[in-house]
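# Observations on the model geometry
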Amino acid sequence: MWLSFLTPDLFASAIRMATPLALAAIGGTICERSGVVNIALEGMMLVGAFFGVVVTLATGNVWLGVVAAIVAGVLLSAIHAFASVTLRMDQVVSGTALNILALGLTGFLMEVIYGHPGATNGIAHKIGPVFNFPTGGTGVLATIWSWVDQIVFSYTPIVYVAIIIAIVAQWAMYRTRWGLRLRALGEHPRAADTVGVRVQAGRYVAVLISGALGGLAGANLTLEQVGVFSDNMTSGRGFIALAANIFGRWTPVGSYLASLLFGFAEAIEIRMQSFQQGNQIPVQFFLMLPYVLVVIVLAGFMGRAVGPAAIGKPYEKE
Amino acid sequence: MPVLELREITKVFPGVRANDRVSLVLERGEIVALLGENGAGKSTLMNVVYGLLAPDGGEILVDGKPVRIRTPREAIDLGIGMVHQHFMLVQTLTVTENIIMGHEPSRFGVIDFATARAKVRELSLRYGLKVDPGARVADLSVGMQQRVEILKALYQGARILILDEPTAVLSPQEVGELFGVVRSLVTEGLSVVLITHKLDEVMGAADRVVVMRDGRVVGETTPAKTDQVGLARMMVGRDVVLTVERTPARPGETVLEVRDLVVLDERRLEALKGVGLTVHAGEIVGIAGVDGNGQTQLVEAIVGLKRPQSGSISLRDKDITHAAPRATIHAGVSHVPEDRQRRGLVLEFDLAENLILGDQRDAPYARAGIMRTRVIDEAARKRIGDYDVRTPSIRVLAGNLSGGNQQKLVLAREMGRDPDLLVAAQPTRGLDVGAIEFVHRRILTERDGGKAVLLVSMELEEIMSLSDRILVMYEGRIAAEFAAGEADAERIGFFMTGGSKKDHAPAPQAGTAVAGGGGL
């Protein structure tokens, strides 16, 4: 059983499952580094996933769907930015409100547009893998090649994009002017202000980027993985992404790697479900596993995480 | 032509005229001290110059040209740099990152760190501000961080440097170094505004002094034309006794005895590494030291706010090592905490309520769990009179009092309990000259009344003028002990900065370095 369990496919599945988490987590990292708490990642993923499907169905073009997902995420995050940066609202309250708004909005529009609750119509064609190398044949080499193909070349575009974003964001955070100022904003915004860095503008940009990445994460869920939007389909992934961001110690690459861990848990969960025919363990038990892992990792494994010093504090000039 | 001229600057906050037609002139290559008590409007004025506050009236001229400064960026572009009292440094970033932020050498947004480091090194050499460009700011001492702040201003091209209370956090040696640096900046053609309320700094460092009181300029002079007493009179508006008059102590029996005390800080590192000390009745023992060398943990352990790892604390032979604050109060320990707003008072409570904190369960203030308002108010009125707390009524909230009156309130409560031991941490921090005088006299009165007093202060002056014995703390140990009048600031400062570890002391005749700090 274990041999048929630990297949290359499991690892590929882990990377696929990690992708939406990683995108949202990196968005969370950027947002929180600027000093704004973002627990609305869940909502941003949800509207991205939904509007991706809606626009794809309406236009027949899945790429327009991806763009729509990003725009939807950005718009939702703009509300968060306005509330927490301009109005200096409590950022957790704003984030919670947006999550509820996203859930209600998608559920409501789904019924209005498609006339039935629970799920949208399915899109005709999901986004396919980038590469399509021939596999097959026999022998050791062919087997190895099929593994390589599965683990390296089997993915849809956003999966690769997520890896690129992790690396580029990491580089940008530590090597560019934008990154330096971003890190300062979340630690000591007044210090940044006194040398002429515009605190509020910087925070807006960071929050909007997190919205874009959250939307893209949603697009990956519906347009690449599932092909249909169902009610509350993110089911807590935004919060797992938030945990991945913390576990990754507020760095983009760290967020990606942490997401990979949670993605792996999700891949195992899916695999276990298919193995469970005939035994008595209820399916909910497996569904629970990634979340249990989050709790174990955050509570037990990593020790105390020290986030940006000024996180959650609205900035006010003297 | 002056590099900076302020004409009739006015800044109004709701209910207060923080600056009332303030004018000031700064010439090239000059150090002007802006002297005044807390709340006199010095920092407000400089925040206006630095673009952090918008003035309600008046004019600012830089190099003779009228300018409008709306943001710090505009101030920087005009060559104005400011080192704030609370450093504007990002702790998690490196020295270089902090210095270049806002003016990063970069191409297409990518920072050229090699150039940045080279520039920082060059500036640091030119002005004698030694600092490691790659170090994380969080790992630097306070004095070092201040250098980074000055370098930051220089990097941004400051010709006018505003230093806001720069010595508040420094050891005497660091103060000396700082003023050395300031001198060299001035010879290089910079102009410096030094905001301070310390008279000795003004006398030692400034070319000219502008004195502010209640938002107005009340006088201008030079150190040559006046002395500290004259400056104090201008600053406060009345005669002030600067030196505390004290009689020799007549120590009685041992009240507090601390042995081999080890206390961990919040990072679980040893903040106290085996401290021993005794305080006798009728004696003031002063703890000198740079902030963060274990003084806070020592105080917290004695008053029961922190659990010692090992060692013992006893009060009149009664063990209070593990006593909770409530038990230590009952045992006869009173505590004037270093942060009166966070620990000394409940700012949302009125004066009467604040005055019985800690005694609220006990007679005569409570009976069977019910507060006796009449008794409480009566006691409150009496104490407020005794301690000269200026307030219209005992129903005023503590948060609405001035700092000096808040501190008097804390003293009134803690001393009113008639303790055996008074632990006073930074009792005059942030107070003006008049209030400091009051607090000092009060502490001496307690001593003369036979109380044991443990005084912790960053202000060496205060320690030296009040203490009968002085202990110097360095890195969690007692590094040296001096009798009153035995040591000068320089010798104490030497041990405050870890001097005992080096080969020789500057003047070996006085003072005993206590090896390991254990047995006193």
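Within any chain, residue numbers begin from 1 and follow the written order of that chain's sequence. Chains and ligands are labelled by the order in which they are written, letters from A for the one and numbers from 1 for the other. Note on the predicted model: pLDDT of at least 70 is required for a residue's local features to be given, and 80 or more for side-chain atom pairs to be given and counted; whole-chain, interface and lining totals, by contrast, use all residues. Calculation of side-chain values draws on the structure's entire complement of heavy atoms; hydrogens and water are dropped beforehand.

Numbered from the N terminus, helices here are DSSP runs of H or I no shorter than four residues, and strands are runs of E no shorter than two. Within chain A one finds 13 helices and zero strands. Along the chain direction, N to C, the helices and strands of chain A fall in the order α-α-α-α-α-α-α-α-α-α-α-α-α. Two things to know: the radius of gyration comes from C-alpha atoms, and the globule rule equals 2.2 Å times the number of residues to the power 0.38. Its C-alpha radius of gyration of 20 Å places chain A within 12% of the 20 Å reference for a compact globule of 318 residues. If one aligns the C-alpha atoms of chain A with their principal axes, the spans along those axes are about 70 × 45 × 40 Å. Burial here depends on accessible area, computed with a 1.4 Å probe over protein chains only, as a share of the maximum for the residue type. Under 20% is buried, over 50% is exposed, and the range in between is partly exposed. Taken over 318 residues, chain A has a buried fraction of 51%. Contacts were defined at the residue level, with two residues in contact if any of their heavy atoms lie within 4.5 Å. Across chain A, every contact between residues at least 6 apart in sequence was considered, and the portion connecting residues at least 24 apart equals 81%. Total accessible area on chain A stands at roughly 13,700 Å², and carbon and sulfur atoms take up 70% of it. Both charge centroids of chain A, one from 17 positive and one from 14 negative side chains, sit 12 Å from each other. The Shrake-Rupley method, run with a 1.4 Å probe, gives the accessible areas here. Residue values count only the displayed protein chains as cover. Only four residue types enter the tally: Lys and Arg on the positive side, Asp and Glu on the negative side, with His and both chain ends excluded. Charge coordinates come from a single atom per side chain, which is NZ of Lys, CZ of Arg, CG of Asp or CD of Glu.

Here we take up the sheet that holds strand β2 (residues 16-26) of chain B. Residue and element names in this part refer to chain B. By the convention used here, strands pair only if DSSP detects at least 2 bridges between them. Strand order in the open sheet made by the four strands is β2-β1-β4-β5, with antiparallel pairing throughout. If you trace the sheet from one side to the other, it starts and ends with β2 and β5 (65-67), each paired once. Neighbour to neighbour, the strand axes of the sheet diverge by 30 degrees on average, direction disregarded. By the bridge criterion, seven bridges tie strand β1 (residues 4-13) to β2 in an arrangement that is antiparallel. Its bridge partner lying in β2, Leu 4 is registered against Leu 26. Sitting on the sheet, helix α1 (residues 42-49) touches β1, β2 and β4 (57-62), and the angle it makes with β1 is about 115 degrees. Every axis in this analysis is a line fitted to C-alpha atoms, fitted for helices over the stretch in contact. Angles between the N-to-C directions lie between 0 and 180 degrees.

With that settled, consider the nonpolar core. What makes a nonpolar core is a set of buried Ala, Val, Leu, Ile, Met, Phe, Trp, Tyr and Cys residues whose side-chain atoms join them at distances within 4.5 Å. Formed by 61 residues in total, the largest nonpolar core has its most connected members in A:Leu23, A:Ile30, A:Leu223, A:Phe229 and A:Phe262. Once residues lying within four places of it in the same chain are set aside, the contact partners of A:Phe262 are A:Leu21, A:Ile240, A:Ala243, A:Ala244, A:Leu293, A:Val294 and A:Val297. Judged by nonpolar contacts, the second largest core, of 52 residues, contains A:Val195, A:Val197, B:Ile100 and B:Val186.

Residues and elements named next belong to chain B. The residue Gly 403 is located in helix α14 (residues 403-416) in this model. Expressed as a C-alpha distance, the spacing of Gly 403 and Gln 341, which sit 62 residues apart in the sequence, is 8.9 Å. Those residues within four positions of Gly 403 in sequence are excluded, and the remaining contacts are Arg 340 and Leu 431.

Accessible area lost upon the coming together of the parts is a frequently used measure of interface size. Contact with chain A, which involves 20 residues of that partner, is made by 27 residues of chain B. As used here, buried area is the combined drop in accessible area, with a 1.4 Å probe, of two parts when they are placed together. It is A:Leu180, A:Thr194 and A:Val195 in chain A that bury the most area against chain B; as a group they hold 31% of the surface buried on that side. By salt bridge we mean one thing: a side-chain nitrogen of Lys or Arg within 4 Å of a carboxyl oxygen of Asp or Glu. Inspection of the chain A/chain B interface yields two salt bridges. For this analysis, a polar contact is any N or O atom pair within 3.5 Å, provided that within protein one partner can donate a hydrogen and the other can accept it, and provided that sequence-adjacent residues contribute only side-chain to side-chain pairs. Linking chain A to chain B there are eight residue pairs in polar contact (both at pLDDT 80 or more). The dominant element in the side of chain A that touches chain B, judged by the number of residues it contributes, is helix α8 (residues 177-187) of chain A, at six residues. For this scheme, ten residues count as nonpolar: Ala, Val, Leu, Ile, Met, Phe, Trp, Tyr, Cys and Pro. Four count as charged, namely Asp, Glu, Lys and Arg, and the remainder, Gly too, count as polar. Among the residues forming the side of chain A that touches chain B, the class breakdown is eight nonpolar, four polar and eight charged.

In any sheet, the strands associate via hydrogen bonds between backbone groups, in a parallel or an antiparallel arrangement. All names here are of chain B. The strand order across the open sheet built from six strands is β6-β9-β10-β3-β11-β12, with neighbouring strands paired in mixed fashion. Strands with a single pairing partner mark the edges of an open sheet, and in this sheet they are β6 (80-83) and β12 (216-221). Each neighbouring strand pair of the sheet contributes to a mean axis angle of 20 degrees, computed without reference to strand direction. Pairing of strand β9 (residues 160-164) with strand β10 (residues 191-196) involves five bridges; the strand directions are parallel. The residue of β10 that forms the bridge with Leu 161 is Val 192.

Reported domain spans reflect what an automatic or database domain assignment gives. The assigned domain composition of chain B is domain 1 (4-236), domain 2 (241-332 + 419-520) and domain 3 (346-402 + 409-415). On a C-alpha basis, the centres of domain 1 of chain B and domain 3 of chain B stand 41 Å from each other.

Moving on to the packing of aromatic side chains. Under the pairing criterion, centres of Phe, Tyr and Trp rings, with the six-membered ring standing for Trp, must be within 6.5 Å; the plane angle then separates stacked pairs below 30 degrees from edge-to-face pairs above 60, leaving the rest tilted. Here the structure, examined in full by the defined rule, presents 12 aromatic pairs over all chains. Consider the rings of A:Phe50 and A:Phe229, whose centres lie 5.1 Å apart with planes at 75 degrees: the pair is edge-to-face. One end of the pair, A:Phe50, is in helix α3 (residues 41-59); the other, A:Phe229, is in the loop between α10 (199-226) and α11 (237-247), with 179 residues separating them in the sequence. For A:Phe50, a relative accessible area of 0% gives the class buried. Given a relative accessible area of 0%, A:Phe229 falls into the buried group. An angle of 70 degrees between the planes, with centres 5.7 Å apart, marks the rings of A:Tyr155 and A:Tyr160 as edge-to-face. Accessibility assignment for this pair places A:Tyr155 and A:Tyr160 in one class, buried. Of note, B:Lys408 hangs over the ring of B:Phe438, and the distance from its end group to the ring centre comes to 5.0 Å. Two thresholds decide whether a charge sits over a ring: the Lys NZ or Arg CZ must be within 6 Å of the ring centre and within 35 degrees of the ring normal. The residue whose ring lies beneath B:Arg442 is B:Tyr387, and the NZ or CZ to ring-centre distance is 4.1 Å.

All names here are of chain B. Taken as a whole and judged by the stated rule, the model has 41 salt bridges over all chains. The partner of Glu 165 in a salt bridge is Lys 42, and the shortest N-O contact between them spans 3.3 Å. With Glu 165 in the loop between β9 and α6 (172-187) and Lys 42 in helix α1, this pair connects stretches of sequence that are 123 residues apart. By relative accessible area, which is 4% here, Lys 42 ends up buried. One salt bridge in this structure joins Arg 70 and Glu 74, with 3.3 Å as the shortest N-O distance. Overall, the relative accessible area of 24% leaves Glu 74 in the partly exposed class.

Before going further, it helps to spend a moment on the side chain of B:Glu283. Residues and elements named next belong to chain B. On the secondary structure map, Glu 283 appears in strand β15 (residues 283-288). In this structure the side chain of Glu 283 is engaged in a polar contact, spanning 2.9 Å, whose partner is the side chain of Arg 469. Those residues in contact with Glu 283 that sit more than four places away from it in its chain are Pro 251, Thr 278, Arg 447, Lys 451, Ala 452, Val 453, Asp 468 and Arg 469.

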